[in-house]
Amino acid sequence: MLLTSSPVTLPRRLSRRVHTLSLNLFFQQGWLREMPFTFLKIGRSKNEQMAQRNNSSQMSECLNHMDSAGEGGEGSGRRPPQEPSTKRRHSQSSSAENTSFDFGENQEDTYPIGRLKKDPDCHMQLDSLSGGPHHTVLIDTKEFYDRKLTPYKGQHVWDSNHVKLPPGLPKSNAEARWRAVQRALHNLTMSKPSVGDVEMAIKSYNHSHQMQWPFDSLYTYFKCLNKKEKNFSSVISKMASLALQLPDLIKHPIPMLKQHRSHAITMSQVQISCLLANAFFCTFPHRNATKPGSEYSNYPTINFSSLFGNTCKRKTEKLRCLFHYFSTVTEEGTKPDGLVTFERICIPLNELPTWKEQQETLSNLHVTANGTIEKEGSGMLQVDFASKFVGGGVLGRGLVQEEIRFLLSPELIVARLFTEKLAENECLKITGVQTYSVCSGYSDSFEWLCPHKDDTERDEWKRRYCQIVALDALSFKDPREQYTEQNLKRELNKAYVGFRGDPNIPSDYTPAIATGNWGCGAFNGDPRLKALIQMMAAAVAKRDLAFFTFRNKNQAQELQKMHKLLKAHQVTVGQLYLLLKKYCDDYSHYQHKKNVFEFVREMASPSSQL
């Protein structure tokens, strides 16, 4: 399929000749044999330029597709695209006609954000919700179409393939511990509990950690409450009642989303809130040990114990976010009534692209120094700059992009209960979470501001039109380590796994990707290299890109110029890969004085001045 692109204006100084020094370098390295000759033919005729202006290509692959079958019945998901007449968009109006956002910067060169496809405008009508071998649904799908969110009944199991729930302990231990949990939480519902009561309750059924778990952060949070938030006792009581509903709300085993296996879980927001209430009260068994070799060493932590101790401002603000969430979900008038899907996606290694052979040119790019992935990227596939343990340090001191996203939408935190550490060819996509809070700042300046009223529409499965993909970049202690072909391939493959949609979904139903400086900052990634990697992966995945540089105007301008150069010369992903490989090869022998943009610009068009 072809992508509709804005007209490309070639640089005035574009020359028909290739810089002699560059050619000599190509020949000396024996590298020219790998490069398609058309890459070196920089000058073009007027007819070729006109053809380029009229060339169009529309990026494909839409929302993540559930490879699901009915419980003992027919498969489900989206209808195959062979009958386009049976498909319809949520809105028949073209997204290209939408008004572009004005961010107060020169928008002439960058692709207008209003022309990027978004949900629900590009949404493809879903088939009926049902479970199957690759999709576990924790609500009764028959009742769902009677507008009831009734837990689906099944037989609980106690094994390594499923979440070990507190009431499901083996007979010898179950009654004693679950009774202790019930007794402690019930006491919290009967009076106006204090922080001390919460501490005593949690420690009463976590005997081995009584001396190890401090609660000073929770005490500090309570002291810092303002008048509007003076509802601690009331919220705690309601949370305890919610946690005690676990046997009634979760009646079917929850599968672990394990490595090397694609699988999805769909559950209600109420079920999520119940699981998170249990996480707050630290009721999940076997989930407190994190040492290598322990049962869940390959999983993130889920019990909130690490959030309660070692007080600091970061944890106080995190608790403000979380208590607002629990206050919202325990109020009858504001209790959420939708569904959320968590899908682990694993693409076999033999299905990943051969990067040097890819013939796609770059897709459309909107780049801006203003706006955020969550707000201006609404309706797009939003990239979570993730840790391989999803959620990162959300339950500790961590407070950068991923942790902030999880605090704005705490339903994301439940993924830590069942998602094993991500492998190199895997990602986690979450569809349908709600945003509960408005926050500002970053790291030590982070602050909870006020509630957020989420008016995002819902799809046919009652999921909000919000899809997030957790992608873990490599972390480099020494930034120089990233300049190897092995690491280049790894990051390309990881981005592609996250960006690729269902191959059966037509391109008209593909939302763009909202991203930014993935794998930079604390991970020491090169922002220029990471931007090129994401543009390449998006092109092969046939999706457009919105790139937010988070108030860095120089980076936005530099990235826009690089994208314009590569589009003007119709540089393919394969050609760009060879350029980056060359850069990495040279870097291993002697460190470049040029950054990767300067290198690519010199190799691609030495005579053009951007």
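First things first, this report covers the structure right here in the doc. (Residues numbered from 1 in each chain as written. Predicted model: local features only at pLDDT ≥ 70, side-chain atom pairs only at ≥ 80, totals over all residues. Heavy atoms only, no water.)

Details of the overall build of the protein
- Assigned secondary structure in the protein consists of 18 helices and 15 strands.
- Taking all 610 residues of the protein together, 57% fall into the buried category.
- Element-wise, carbon and sulfur atoms account for 49% of the exposed surface of the protein, whose accessible area totals about 26500 Å². (Helix = DSSP H or I, 4+ residues; strand = E, 2+ residues; numbered from the N terminus. Buried < 20%, exposed > 50% of the residue type's maximum accessible area, 1.4 Å probe, protein only. Areas by Shrake-Rupley, 256 points an atom, 1.4 Å probe, with all protein chains shown as cover.)

Quick word on the pattern of salt bridges
- A full pass over the atoms with the stated rule returns 21 salt bridges.
- Between Lys 453 and Asp 455 there is a salt bridge, and its shortest N-O distance comes to 2.8 Å. A single burial state applies to Lys 453 and to Asp 455, both of which are exposed.
- The partner of Lys 581 in a salt bridge is Asp 585, with the nearest N and O atoms 3.1 Å apart. Taken together, the residues Lys 581 and Asp 585, both in helix α17 (residues 573-589) and 4 residues apart, mark about one turn of the helix.
- Judged by its relative accessible area of 17%, Lys 581 falls in the buried class.
- Look at Asp 585 and you get partly exposed, because its relative accessible area is 29%. (Salt bridge = Lys/Arg side-chain N within 4 Å of Asp/Glu carboxyl O.)

Quick look at the sheet that holds strand β15 (residues 545-548)
- Strand order across the open sheet formed by 9 strands is β5-β6-β7-β10-β13-β9-β14-β15-β8, with mixed pairing between neighbours. Among the strands making up the open sheet, the edge pair consists of β5 (135-137) and β8 (365-368). The sheet shows a mean angle of 20° between the axes of neighbouring strands, direction not considered.
- In terms of strand pairing, β5 meets strand β6 (residues 263-268) through 3 bridges, oriented parallel. Residue pairing in the sheet places Val 137 in a bridge with Thr 266 of β6.
- Sitting on the sheet, helix α12 (residues 401-408) touches β9 (381-386) and β13 (467-472), and the angle it makes with β9 is about 125°. (Pairing = 2+ DSSP bridges. Axes fitted to C-alpha atoms, helices over the stretch in contact; angles between N-to-C directions. Contact = heavy atoms within 4.5 Å.)

Shape is all these values report; function is a separate question.
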